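# What the coordinates show
Letter by letter, the chains look like this.
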Amino acid sequence: MAQAVSEAFDGREVNLVPTGGAGGSGGGGATTSAMVDTISGDKYFVKSARNKLDMLRAEYLGVKEMADTNTIQVPTPIAFGQHEPTNQAFCIFEYLEFCGGGNQYELGVQLAKMHRYTSENGMFGFHVNNTIGATFQPNTPWMDDWVEFWLEYRLGHMLRLTGNARCKQTKIDDLILSHNPKPSLLHGDLW
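What you see is a predicted model; the values in this text were computed from it and never measured.

## Some points on the overall build of the protein chain
- Looking only at helices and strands, the protein chain has five helices and seven strands in total.
- Once the C-alpha set of the protein chain is aligned to its principal axes, its extents read approximately 60 × 40 × 30 Å.
- Within the protein chain, the fraction of its 191 residues that count as buried is 37%.
- Restricting the contact set of the protein chain to residue pairs at least 6 apart, pairs at least 24 apart contribute 49%.
- Carbon and sulfur atoms make up 51% of the accessible area of the protein chain, which amounts to about 11400 Å² in all.
- Each charge sign in the protein chain was given a centre, from 15 positive and 21 negative side chains, and these centres are 8 Å apart.

What follows is the structure in structure tokens.
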């Protein structure tokens, strides 16, 4: 595993060992932990899961997209990869010290700024599919129409997974047909 992590760090030798500050199971069956590189002393937040390279790659890319807006603090994505012999996938992020509840108003302002970022192609979706926990969430192909995107990839997808959950089409139509948003960057979880 150490070699796979070093390769993900562009060949720089790293030796990650668990440290305090995080741990347990995350969404989708991923294990989360705080780790320190005994060579550099840098601390990281690491998520790993067996056979979940696509899921963790999508999380890495989604957090990177949010970080690139420079509107809200999210952990900087550092690397992702997989230890081939065991299929143990991982993604590594900057470790952030949480020191209190923060200012909820400022968080709202920052989220609103992030939501102003729109897709470069002006369409709805994302360049990779991702997950909600362990549940697949389609994002491709890109779509021009928000209602079509929502009915196919978001609400419609979840309703299909639940056998429509006794939801009536008229309720769905009332909720979404009059809405016409711009394609904007939305968050999954903000840690």
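## What about the environment of Met 1?
- Within the secondary structure layout, Met 1 lies in the segment before α1 (2-8).
- Given a relative accessible area of 38%, Met 1 falls into the partly exposed group.
- Excluding its chain neighbours within four sequence positions, the residues that come into contact with Met 1 are His 83, Gln 88 and Phe 90.

## Examining the packing of aromatic side chains
- This structure, assessed with the given rule, holds five aromatic pairs.
- When the ring of Tyr 60 is compared with that of Phe 80, the centres are 4.8 Å apart and the planes differ by 55°; the resulting orientation is tilted. Of this pair, Tyr 60 sits in helix α2 (residues 53-68) while Phe 80 sits in strand β4 (residues 77-83), placing them 20 residues apart in sequence.
- The exposure class of Tyr 60 is buried, given its relative accessible area of 12%.
- What makes Phe 80 partly exposed here is its relative accessible area of 29%.
- Relative to Tyr 153, the ring of Phe 149 lies with its centre 5.2 Å away and its plane at 90°, an arrangement referred to as edge-to-face. Placement of both Phe 149 and Tyr 153 in helix α4 (residues 146-161) is noted, with a separation of four residues, approximately one turn of the helix. With respect to burial, Phe 149 and Tyr 153 carry one shared label: buried.

## Points about the nonpolar core
- Among the nonpolar cores identified, the biggest contains 23 residues, and Leu 56, Met 66, Val 74 and Met 114 are the most heavily contacted of them.
- Those elements giving two or more residues to this core turn out to be β3 (43-50), α2, β5 (88-94) and α3 (104-115).
- Among the elements that make up this core, the one with the highest residue count is α2 (eight residues).
- Counting eleven residues, the second-largest nonpolar core is a separate cluster that includes Ala 4, Met 35, Val 46 and Ala 79.

## With respect to the pairing of β4
- Judged by how many residues are buried, β4 sits mostly within the fold: five of seven residues are covered.
- As paired strands, β4 and β5 are joined by six bridges and run antiparallel to one another. Looking at β5, one finds that Pro 77 is bridged to Phe 93.
- Connecting β4 to the next strand, β5, in antiparallel fashion are four residues, including Asn 87 with a positive phi near 60°.

## Here's the deal with the side chain of Ser 119
- Here Ser 119 lies in the loop between α3 and β6 (130-132).
- At 3.1 Å, the side chain of Ser 119 forms a polar contact with the side chain of Asn 121.
- Every residue in contact with Ser 119, bar those within four places of it in the chain, is listed here: Trp 142 and Pro 183.

## So, the environment of Met 123
- Take Met 123: it is sitting in the loop between α3 and β6.
- In this structure, the C-alpha to C-alpha distance between Met 123 and Lys 171, residues 48 residues apart in sequence, is 25 Å.
- Beyond its immediate sequence surroundings of up to four residues, Met 123 is in contact with Trp 142, Met 143, Asp 144 and Pro 183.

## Quick notes on unusual backbone geometry
- Look at the link from Thr 140 to Pro 141: it is a cis peptide, with omega at 0°.
- Examined against the element boundaries, Pro 141 turns out to sit in the loop between β7 (135-137) and α4.
- In this structure, Asn 70 takes a positive phi of about 55° despite not being glycine.
- One can find Asn 70 in the loop between α2 and β4.
- With relative accessibility at 71%, the residue Asn 70 sits in the exposed group.
- One non-glycine residue, Asn 87, lies in positive phi territory at about 60°.
- In this fold, Asn 87 is placed in the loop between β4 and β5.
- Note on Asn 87: relative accessible area 30%, which makes it partly exposed.

Conventions we followed
- Residues numbered from 1 in each chain as written.
- Predicted model: local features only at pLDDT ≥ 70, side-chain atom pairs only at ≥ 80, totals over all residues.
- Heavy atoms only, no water.
- Helix = DSSP H or I, 4+ residues; strand = E, 2+ residues; numbered from the N terminus.
- Buried < 20%, exposed > 50% of the residue type's maximum accessible area, 1.4 Å probe, protein only.
- Contact = heavy atoms within 4.5 Å.
- Areas by Shrake-Rupley, 256 points an atom, 1.4 Å probe, with all protein chains shown as cover.
- Lys, Arg positive; Asp, Glu negative; His and termini not counted.
- Charge placed at Lys NZ, Arg CZ, Asp CG, Glu CD.
- Phe/Tyr/Trp six-rings, centres within 6.5 Å; stacked < 30°, edge-to-face > 60°.
- Core = buried A, V, L, I, M, F, W, Y, C linked by side-chain atoms within 4.5 Å.
- Pairing = 2+ DSSP bridges.
- Polar contact = N/O pair within 3.5 Å; in protein donor to acceptor, adjacent residues only side chain to side chain.

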